[in-house]
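Single-letter residue listing:
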Amino acid sequence: MESSKKPKSKTPAKKPKDSVLEQKSPAEFFAENKNIAGFDNPGKCLYTTVRELVENSLDSTESISELPLIEITIEDIEKSKFNSMIGLVDRDRVDEELYDDHETAKAREKRLAKEAQAQELQAKNASLGKKIKEPAAPKTMKGRGGAAFYRVTCKDNGRGMPHDDIPNMFGRVLSGTKYGLKQTRGKFGLGAKMALIWSKMSTGLPIDISSSMKGQSYNSFCRLDIDIHRNIPHVHIHEKRDSKDRWHGAEIQVVIEGNWTTYRSKILHYMRQMAVITPYAEFIFKFVSDVSDKNVTIRFARRTDVMPPVPLETKHHPSSVDLLLIKRLIEETSKQNLLQFLQHEFVNIGKSYAERLIGELGPEFSPKMPVKSLTSQQIVRIHQLFRQAKFNDPSGDCLSPAGEYNLRLGIIKELHPELVATYSGSAQVFEGHPFIVEAGVSVGGKDVKQGLNIFRFANRIPLLFEQGADVVTRTALKRINQQIYNYLQSAIQHCCIQLKTKIVKNIQAREQKERKRNLSRYAENVAGAVCGVLKQMQQIQASKKRRYDGKEAEILKKLSSGMITKEMVKEKLVQHVEQVDSEMAMEFAANSGVSEEPRECIYLQSLEAAEDNFIDLHSPLFVFRLFC
């Protein structure tokens, strides 16, 4: 009888594996997914670094109502200089074939044959008298190791940073001071840290920070990098230094790999558009290289000292919160009962309305019930009511729009258009979040390419990438359903209406000028014809065929005495043309000027500081400063 036992497998039994669960720090996550923050390639990394540092500087200066003065310098660092910075000794190549930019014998033979063929073709064309094209420069092979390095420096006159906070502000991802509910350019505590992370990944060098706050007798200096795996700062130097010039602000210096050649235009376009949206700021941009022909220095001058209003921090609107946020607010609130919680943690909920909401929640809710005792089901009920109940819209006090005056001035300052129209709407709301749409439309300009040029801004930040896929471009080109984006459409229409009025007036002025030129051109012929008719009348009277009396006789007498000449008649005709044109212009302005351009309201701004000896009278078109 055969055994029913199965043969034993020769494969050894598998041992149970340890847990494969891994955890990444925020710094490690963004280092591995740096494209999320705009650090896609070396060229864009250089652009994004400049952008993040500039926008941080603007937020810092505007937070203390200081007119921004921002200096940006990009210094080209040669490979030998970079190697000396990191203590690396240059070595000559020993095995050329080891490198990916090495040209093999076969590739060299092919290249030389192609160059010889091109020279032969040129000689043939020259013998036939044909136009000879300049030979293209031979392409140099550049390997992956041919990286370019740059030192980016950004200095401002802003708030500065507290001495003890500097390491965490730059060496800990997702830590920041801008998480409040108000408009700022930076929000998530990521931008400057990503520049440091990219520096660590591409050069291994730390970042240098100098900072000083108003009233401090010292400057803070900190040199640090970041422990990416633990998301904590690694401080090299952190010290206080004597301050002699009483400067306040921050100066950030970081060395990164980049590509100025391919992203030069992007960086300069960004600086120009930033100068458009912030005409109250002065930017000094420099690119410094050992090759003097490559050096660039551009100063974007300040044209006004009128700054946007400082945004006020607000609270959450009931219709904009979710379950997690409600739970977090309950955990962090200092209020004891539900009534106080609803009143003080949300906007647009007064005492009476809070009592009505509590009554609508059901019998298990009461105004005096401890807010910390709410169950998960009760919190869901509150969230559901928030989504269904009616609340007043939030105000726009937490916003800081550019303003129609600054937008108009920025366009005129940088683009030099023939015509410009701007519009700034009132605050609108989407799902409890306030927003303001501003638009400017101009015709003509300096250094602007032909066709439709669209400058896009979000949160007063220029948007240079993916220009064809956004709502602004599609609205301008009328490729979307306008009913969905009616606010933006309305803003552009307001600008176009302004331009239409100006264009019509320009056309009328041009037609008037053309009419006056035509009349003046024929004045001499008309004067000659008039004098000819008068002489014929004089001859008729002399032959006694007819006798003229009254004014006609007086005119003929002046003609005989030489008081009326052809030149005098011509002069009178030209004067008459000028007078009629002036009267027509005044009549046009009186009848239609006011209806086409309504009067703008001018608001008085109160004096907030004792040292201010002036009052600003604001309108969308100008600011009139009255000194007391």
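Residues numbered from 1 in each chain as written. Predicted model: local features only at pLDDT ≥ 70, side-chain atom pairs only at ≥ 80, totals over all residues. Heavy atoms only, no water.

(A) Broad picture of the overall build of the chain. Of regular secondary structure, the chain possesses 17 helices and 17 strands. Out of the 628 residues belonging to the chain, those deemed buried represent 36%. Counting only contacts in the chain whose residues sit at least 6 apart along the sequence, the fraction spanning at least 24 positions is 69%. Summed over all atoms, the accessible surface of the chain reaches about 39,900 Å², with 52% contributed by carbon and sulfur. (Helix = DSSP H or I, 4+ residues; strand = E, 2+ residues; numbered from the N terminus. Buried < 20%, exposed > 50% of the residue type's maximum accessible area, 1.4 Å probe, protein only. Contact = heavy atoms within 4.5 Å. Areas by Shrake-Rupley, 256 points an atom, 1.4 Å probe, with all protein chains shown as cover.)

(B) Region of interest: helix α4 (residues 105-127). Given a rise of 1.5 Å per residue, 23 residues ought to cover 33 Å, and the 33 Å separating the end C-alpha atoms of α4 matches this to within 8%. G129 lies just past α4 and shows a positive phi near 80 degrees. (Expected span 1.5 Å × (residues − 1).)

(C) Expanded view of helix α12 (residues 404-415). Between its terminal C-alpha atoms α12 stretches 16 Å, which fits the 16 Å expected from 12 residues at 1.5 Å a residue. Most of α12 is tucked away, with 11 of its 12 residues classed as buried. E404, Y405, N406, L407, R408, L409, G410, I411, K413, E414 and L415 are the residues of α12 that are buried. Where α12 terminates, the next one or two residues include H416, which has phi positive at roughly 50 degrees.

(D) Representation of the environment of A527 within the structure. Relative to the helices and strands, A527 resides in helix α15 (residues 523-542). Those residues within four positions of A527 in sequence are excluded, and the remaining contacts are K566, V569, K570 and L573.

(E) Layout of the packing of aromatic side chains. All told, the structure shown has 12 aromatic pairs when counted by the stated rule. When the ring of Y263 is compared with that of F465, the centres are 6.4 Å apart and the planes differ by 35 degrees; the resulting orientation is tilted. Separated by 202 residues along the polypeptide, Y263 in helix α7 (residues 260-277) and F465 in the loop between β14 (461-463) and α13 (471-476) bring together distant segments of the chain. Given a relative accessible area of 14%, Y263 falls into the buried group. A residue is classified by how much of its surface remains accessible, and F465, at 27% relative accessible area, is partly exposed. With centroids separated by 5.6 Å and ring planes inclined at 90 degrees, the aromatic side chains of F341 and F346 adopt a geometry described as edge-to-face. Judged on exposure class, the residue F341 and its partner F346 are both buried. Taken together, the ring pairs connect F341, F346, Y353, F386 and F391 into an aromatic cluster. Just above the ring of F221 sits the side chain of R241; from NZ or CZ to the centre is 3.9 Å. (Phe/Tyr/Trp six-rings, centres within 6.5 Å; stacked < 30°, edge-to-face > 60°. Lys NZ or Arg CZ within 6 Å of the ring centre and 35° of its normal.)

(F) Spatial organisation of the confidence of the model for the chain. On average, residues of the chain score 82 in pLDDT, and 83% of them reach the 70 mark or higher. Every residue in residues 140-144 scores below 50 in pLDDT, and together they form eight contacts with partners more than four places removed in sequence or on other chains. Within the model, pLDDT remains below 50 along residues 592-610, and this stretch shows 25 contacts once partners closer than five positions in the same chain are excluded. (pLDDT = per-residue confidence, 0-100.)

(G) Seen up close, the packing of helix α10 (residues 351-361) against helix α11 (residues 376-388). The contact between α10 and α11 brings their axes to 10 Å, and the two run at 120 degrees. Here α10 lies oblique to α11, going by the angle between them. When you trace α10 past α11, the crossing you get is right-handed. When α10 is examined against α11, the residues L357, E360 and L361 are found in contact with a partner set consisting of R381, I382, L385 and F386. (Axes fitted to C-alpha atoms, helices over the stretch in contact; angles between N-to-C directions. Parallel < 35°, antiparallel > 145°, perpendicular 65-115°, else oblique. Left-handed = near helix turned anticlockwise from the far one by under 90°.)

(H) The side chain of E257, seen in detail. Inspection of the secondary structure assignment puts E257 in strand β6 (residues 249-258). Its relative accessible area of 19% is what places E257 among the buried residues. Discounting chain neighbours no more than four positions away, the residues touching E257 are P42, C45, A147, A148, F149, W198, S202 and T203.

(I) A look at the environment of S57. One can find S57 in helix α2 (residues 42-63). S57 sits in the buried class, given a relative accessible area of 4%. Residues in contact with S57, not counting those within four places in the same chain, are I70, C154 and D156.

(J) Structural view of the packing of α15 against helix α16 (residues 550-560). Remark: α15 packs on α16, axes separated minimally by 10 Å, with the N-to-C direction vectors making an angle of 100 degrees. Between α15 and α16, the angle falls in the class roughly perpendicular. Taken together, the residues of α16 that come into contact with α15 (itself represented by L534, K535, M537, Q538 and Q541) are I555, L556, L559 and S560. Split by residue class, the contact of α15 with α16 holds five nonpolar, three polar and one charged. (Nonpolar A, V, L, I, M, F, W, Y, C, P; charged D, E, K, R; others polar.)

(K) Broad picture of the state of the cysteines. Taken as a whole and judged by the stated rule, the model has zero disulfides. Summary of cysteine pairing: C495 is not part of a disulfide, and the nearest cysteine sulfur, belonging to C496, is at 6.8 Å. (Disulfide = S-S within 2.5 Å.)

(L) Focus on a nonpolar patch on the surface. A surface patch of nonpolar side chains, about 240 Å² in accessible area, is lined by M85, I86 and L88. Among the secondary structure elements, L88 is positioned in the loop between α3 (79-85) and α4. (Patch = residues over 30% accessible without salt bridge, like charges linked within 9 Å, V, L, I, M, F, W, Y side chains within 5 Å. Salt bridge = Lys/Arg side-chain N within 4 Å of Asp/Glu carboxyl O.)

(M) Inspection of the pattern of salt bridges at higher detail. In total, this model carries 17 salt bridges according to the counting rule given. With a shortest N-O distance of 3.1 Å, E32 and K24 are connected by a salt bridge. By relative accessible area, which is 41% here, K24 ends up partly exposed. Residue D208 pairs with R223 through a salt bridge whose shortest N-O separation is 2.7 Å. Of this pair, D208 sits in strand β3 (residues 207-212) while R223 sits in strand β4 (residues 218-227), and the two are 15 residues apart along the sequence. You can call D208 buried: its relative accessible area is 15%. Relative accessible area serves as the criterion here: at 29%, R223 is assigned to the partly exposed category. Several salt bridges converge on common partners, so that one network encompasses E75, K81 and R151.

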